[in-house]
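Coordinate analysis (summary)
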Amino acid sequence: MVAKRKKKYSVGEGAQFMSRKAALKKLQLSLNDFRRLCIIKGIYPREPRNRKRAQKGQSGIKTLYHVKDIQFLLHEPIIWKLRDYKIFNKKVGRARAIKDFERLHRYLNNHPTLKLDHIVKERYPTFLDALRDLDDCLTLCFLFSTFPSLAHVPRDQSALCQRLTMEFLHAVIEAKALRKVFISIKGYYFQAEIKGETVTWIVPHHFSFEPQHRAEVDFKIMSTFVEFYTILLGFVNFRLYHWLNLYYPPKFNSINQNEGEKDLVDENVYVAERIAALNFPLSKTSNEVVEEDLEIDAFNNDESPEKIEELKKEAEKDKQLKTLFKGLKFFLNREVPREPLVFIIRCFGGEVSWDKSLFVGSTFDENDESITHHIVDRPSMEKHFISRYYIQPQWLFDSVNCRELLPVNKYFMGEILPPHLSPFIDKERDQQYIPPEERALLDASIEHMYKKDEENDGEGVDDDEEDEDNEEDGGENEDDEEESDNEEESQNEKKLSVTPGEVFKEVPWEKSRQERQEYRLREKLVKNKHRKLYKSMMEGKEKRAKEIWLLRKKRRLHDAEKAEDTKGKKKVAKKENGPAKKNEAATKGKKKSKIN
Amino acid sequence: MATLRKKRVSKKLKVSWRKHVNIDDVEEFLEDKRLEERLGPIESKSDNELFKLDTQIETRLSAKERKKLKALKPLKCYHALEPHTKVPDPIAKRNRVRTKEERKNELIKKKEIANREKGILKAKEIQSMQDKKLYEIKKRNKPKKGDFNTDIWSEGSKFEIENDEWATTLTKKHNLKGVGALQKTTAKSLSKKKSLHPSIEAPHPGMSYNPSYEDHQDLLRMVADKETQYIKKEEYLTRVTRGMFNKVTPGKRDQMWMVEMSEGLPDKTSAEDNEASDNEYSAVNPPVKNKKKSVQQRRKQKEQRELELKRRVTKIEKKKIADIHQVKILKKQIDRSDKRQAVVKEKRIKRAAHKALEPNRLSSTKFEEQGLEFNLGEDIAGNLRNLKKEGSILADRFRNMQKRNILEPSIKRHRKNAKIKRYTKPGHKDDWKKTVAK
């Protein structure tokens, strides 16, 4: 007997892949239903290694799926629901066409519904998996919460998105999980750390809705994504609330309900508005404190002690960040975007309020004397309170990114703001040259260091440097005083020198030698496989360090030269006009910062 | 002659009789009579019944009033059921099928009432009540959209084994077989991320609403670089496509086409000449002749073949001996090829790493990266109030998903204008008699 003839593409890559059309045929679904199913189940097209074989010899480029993936879809129970939808649509269409309204209503009241709970569980077996994939979900939900009802976007979807996102923000506030914030031209970037997972999302700017181009984005697809993501976010919220000892449909106990207000709106709307206000603490199921911060393991073998030290420092800073605005009272002027600012302030323990007519949920009045910061985004105001700072909203964002309260003087009302830097920069940046001005912006503590360095470096330049500072800061007297204090301190320190003891004689270079030796030994442990990579890495590092050194040197020389120049000029100018100079210099400084 | 003469017509048939005899007066009489029958004789009616004194001014009713009046009347749909005439039904006592209720025995009726009072119900009624209850429960428990009241990540952990983090799924499956706790496993490849790209890319520092000068310049430079790249590519494409061809007028193009297409066709004049010159049959390829080889030729061929074989064998043998002497050279060769292969391998690894960052080719349209959003220098206001928004988050998400191999890149084809269905009216169709039959 002759062996059975082997057919082409019955094994190997040809048998592993399936075109989209074949998949449709196998699943007996329409293209729209198939796309919906794929999005919900998380099945995506694949790229084959050998396209010609995968397409069974057909030319062109087709959308291919794994046969296994399609088989996986085949077992999904919601496929029947999708088929039910088809039948439902036919029935409804017919009833409408023959104007059988009784039937039509009956059908519409009993429409099939997709239940996606089990799919959420299936795609994200653990809660952490869900948190890891929350970026997309949050960004889309925040975006859709701003949408009106559109074609392909059901009316209730945007309402649901709004509710869920607000609930999520409450959870972040309660957990004090926010870490980084950034205002870009696209929207607000937020980064939170929930259970050790960083979650980043973008919130669109609150301007009026702008219509999207039809050709650019397929709304139907995005709406399907949102359909799944709302369910994911709902369950995540539920879990988060229970973890934080909160009631899940959120409840309030501490709202003083005005009689008049309560008459106006019904109970649900009332609560929903308070939630949207973000300004009331939610009521808790128990008063247990949720311990999230984990102690960093002291016996960590594979990491160097410096790294552990660094991690510990970071953790300490994060701890400080959580109570950054504690004890501060903010008032938002009406031109300031309310939602992001309230969220940030409340995340770090601040109290906030706004004009009563702006939005519900304001807690105190503008005339409250205990307000410490009044956030303003206009060049000037008529009424001023002496007891508070009038600052621009960027101060909040920059303070959060610096993880400490920045001096307010650069952010006063009408002031030209210092640049708003992105906190989302890669760690590689420490191997790049950063000009001292930028370094000062990134970390406020460096500012003093930098200035001190300058003072110590060029002794002759010293007083001129100070003069320059005066120019740039305009009328900041406090800062200068601080600086002079620092100077005195440093001089005092020099006098109090410690003489080495005589009993214990330590070779000064011994320790560093030991360390170097250890380092070399550790270097030897690098696997042969990675040796080349390691070598090139180190070379690169050295090169970059050299570059930085060179640029710093150039800068120093340049500064010195400049200082010399200005010194000469000033001496001439001083002789000519004494008191008028200062104002002029101040305006000059402003111009400079404007250019920057 | 002016007198009108009646035309004589035959009244032979019933049809013609009916057609030509005037019976209007008879019919009128009969109609009157019927009317009298319906309404009663006029003489018997009093004046009040026949006439009415119009004392009120005619008022126009409002739409609402008219509607109200109309609502008082019986529905028009029952009009057909009412008798048309007032002639009483000639059959005084009509038989009618009695209803089920009427047909029931009096005793049974009494018993049923008594039963109901006692609370004894029929099986059918009990069933319907149960069904109603069930339906209501079902309707109440129907999950509402946006209701989340379970923790899906901790529910269904009735069994201790389920939550055991040390037990493998296989162990769990084995131990939980048949207890109702379904252990569903999904392929690992499904939970794996499809791309190395993050879902939210870190924004370029120059995209800040109030960027530092360097960052902003850096961003602008990046954007400009990309734009110049595009321009360069487009220029190149036009150069190698449109730029390669000479431009000619349509007239000349047609002429050229004519010349090109008629290339190789027999010229009219020359063809005539050829025909005139010789009438003999001739082809381009002359027919093949099967020439046989002679025995001698075959023998010589065979000898040559054998010789060739022998020569080849000896050559191989010789080479074997030579190779022994060439071990060193061979080793060098192998080393060289090994080195080359190592280089190629390294390159391949590098290329794979590079390719992992690029989006997969998932459909016939290629993914195109959207440019970075940027504000021009004059658009930067430096405060939140006057911020100029750039870019759409929705489009950004859409592209990002395409980049992460979640969506296949596609061009959405959409109609600019609504689709118009065109058809000809039957009256405007061609007359087949005129067009086809002729």
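Everything numeric here is computed off the predicted structure, so don't read it as measured data.

**Regarding the overall build of chain B**
Scanning chain B from N- to C-terminus turns up 17 helices and zero strands. Computed over C-alpha atoms, the radius of gyration of chain B comes to 52 Å, more than 25% over the 22 Å expected from 2.2 N^0.38 for 438 residues, which places it beyond the range of a compact globule. For the C-alpha atoms alone, the extent of chain B along its principal axes is close to 150 × 105 × 75 Å. Expressed as a percentage of its 438 residues, the buried residues of chain B come to 13%. Long-range contacts, defined as pairs at least 24 residues apart, comprise 52% of the intrachain contacts of chain B with a sequence gap of at least 6. Entry remark: accessible area of chain B is about 41800 Å², with carbon and sulfur atoms responsible for 55%. Positive and negative side-chain charges in chain B, numbering 113 and 67 respectively, have mean positions lying 6 Å apart.

**A word on the domain arrangement of chain A**
Domain boundaries in chain A define domain 1 (13–109), domain 2 (117–207 + 218–278), domain 3 (325–418) and domain 4 (425–458 + 540–572). Each of domain 1 of chain A and domain 3 of chain A has a C-alpha centre, and the two are 52 Å apart.

**As for the sheet that holds strand 6 (residues 329–332) of chain A**
Residues and elements named next belong to chain A. What the four strands build is an open sheet, ordered 7-6-8-9; its pairing is parallel. For this open sheet the edge positions go to strand 7 (351–354) and strand 9 (389–391), each flanked by a neighbour on one side alone. Going from strand to strand, the sheet's axes swing by 25° on average, the running direction of each strand aside. Across four bridges, strand 6 lies against strand 7 in parallel orientation. Within strand 7, the position partnered with leucine 332 by the bridge is tryptophan 354. Where helix 16 (residues 338–347) meets the sheet, its contacts fall on strand 6, strand 7 and strand 8 (373–375), and the angle it forms with strand 7 comes to roughly 160°.

**Some details on the state of the cysteines**
All names here are of chain A. On inspection of all chains with the given rule, the structure shows zero disulfides over all chains. Here cysteine 137 is not disulfide-linked; the sulfur of cysteine 141 is the nearest cysteine sulfur, at 4.4 Å. Residue cysteine 141 stays outside any disulfide, its sulfur separated by 4.2 Å from that of cysteine 161, the closest cysteine. Cysteine 141 sits in the buried class, given a relative accessible area of 0%.

**With respect to the interface of chain B and chain A**
On the side of chain A, 97 residues touch chain B, which itself brings 69 residues to the contact. Between chain B and chain A, roughly 7200 Å² of surface is buried when both sides are summed, and carbon and sulfur atoms account for 62% of that area. Ranking the residues of chain B by area buried against chain A places Phe148, Trp153 and Leu394 of chain B at the top, with a combined share of 13%. The interface formed by chain B and chain A includes nine salt bridges. Measuring nitrogen to oxygen at the nearest pair gives 3.9 Å for the salt bridge that ties glutamate 373 of chain B to lysine 186 of chain A. Between chain B and chain A we count 23 residue pairs in polar contact (both at pLDDT 80 or more) in total. The element that contributes the greatest number of residues to the side of chain B that touches chain A is helix 16 (residues 393–403) of chain B, accounting for seven residues.

**Here we look at the sheet that holds strand 5 (residues 197–204) of chain A**
All names here are of chain A. Read across the open sheet, the three strands follow the order 3-4-5; overall the sheet is antiparallel. Each end of this open sheet is capped by a strand with a single partner; those strands are strand 3 (178–183) and strand 5. Pairwise comparison of adjacent strand axes, ignoring direction, gives a mean angle of 15° for this sheet. In the sheet, strand 3 pairs with strand 4 (residues 187–194) via five bridges, with the strands oriented antiparallel. Note that in strand 4 the partner of lysine 180 across the bridge is glutamine 191.

**Regarding the packing of helix 3 (residues 31–41) of chain A against helix 6 (residues 78–97) of chain A**
Residues and elements named next belong to chain A. Interhelical geometry of helix 3 versus helix 6 gives an angle of 150° and a closest axis separation of 11 Å. When the axes of helix 3 and helix 6 are compared, the pair comes out roughly antiparallel. Along this stretch, helix 3 crosses helix 6, giving a crossing that reads as right-handed. Residues Asp33, Arg36, Leu37 and Ile40 of helix 3 touch helix 6, and the partners they reach there are Ile78, Ile79, Leu82 and Tyr85. For the contact of helix 3 with helix 6, a count of residues per class yields six nonpolar, no polar and two charged.

**Description of the UniProt feature "domain: BRCT" (unreviewed entry) in chain A**
This chain's UniProt record puts "domain: BRCT" (unreviewed entry) on residues 320–413 of chain A. Here residues 320–413 of chain A runs as 23% helix and 15% strand, with 27 Å between its end C-alpha atoms.

**A look at empty space enclosed by the protein**
All names here are of chain A. As enumerated under the stated definition, the model contains six cavities of 30 Å³ or more in all. As a volume, the largest cavity reaches approximately 120 Å³. Sorting the residues of the lining of the largest cavity by element identifies helix 3 and helix 12 (219–243) as the ones contributing at least two each. If you tally residues by element for the lining of the largest cavity, the top one is helix 3, at three residues. Considered class by class, the residues forming the lining of the largest cavity number 10 nonpolar, no polar and two charged. Size it by volume and the second largest cavity reaches roughly 50 Å³. Around the second largest cavity sit Phe142, Leu169, Tyr188, Phe190, Val203, Glu339, Pro340 and Phe343, which together line it. Elements supplying a minimum of two residues to the lining of the second largest cavity: strand 4 and helix 16. Counting residues per element, the lining of the second largest cavity draws most heavily on helix 16, which supplies three residues. Of the residues in the lining of the second largest cavity, the class split is seven nonpolar, no polar and one charged.

Thresholds, definitions, all that
- Residues numbered from 1 in each chain as written.
- Chains lettered and ligands numbered in written order.
- Predicted model: local features only at pLDDT ≥ 70, side-chain atom pairs only at ≥ 80, totals over all residues.
- Heavy atoms only, no water.
- Helix = DSSP H or I, 4+ residues; strand = E, 2+ residues; numbered from the N terminus.
- Rg over C-alpha atoms; globule rule 2.2 N^0.38 Å.
- Buried < 20%, exposed > 50% of the residue type's maximum accessible area, 1.4 Å probe, protein only.
- Contact = heavy atoms within 4.5 Å.
- Areas by Shrake-Rupley, 256 points an atom, 1.4 Å probe, with all protein chains shown as cover.
- Lys, Arg positive; Asp, Glu negative; His and termini not counted.
- Charge placed at Lys NZ, Arg CZ, Asp CG, Glu CD.
- Domains from an automatic or database assignment.
- Pairing = 2+ DSSP bridges.
- Axes fitted to C-alpha atoms, helices over the stretch in contact; angles between N-to-C directions.
- Disulfide = S-S within 2.5 Å.
- Buried area = accessible area lost by both parts, 1.4 Å probe.
- Salt bridge = Lys/Arg side-chain N within 4 Å of Asp/Glu carboxyl O.
- Polar contact = N/O pair within 3.5 Å; in protein donor to acceptor, adjacent residues only side chain to side chain.
- Parallel < 35°, antiparallel > 145°, perpendicular 65-115°, else oblique.
- Left-handed = near helix turned anticlockwise from the far one by under 90°.
- Nonpolar A, V, L, I, M, F, W, Y, C, P; charged D, E, K, R; others polar.
- UniProt positions renumbered as here; feature names shortened; annotations may be inferred.
- 1 Å grid on protein atoms, 1.4 Å probe; cavity = no way out; pocket = protein on both sides within 12 Å on 5 of 7 lines; lining within 4 Å.
- Points joined across faces, edges and corners; volume = space filled by probe spheres on them.

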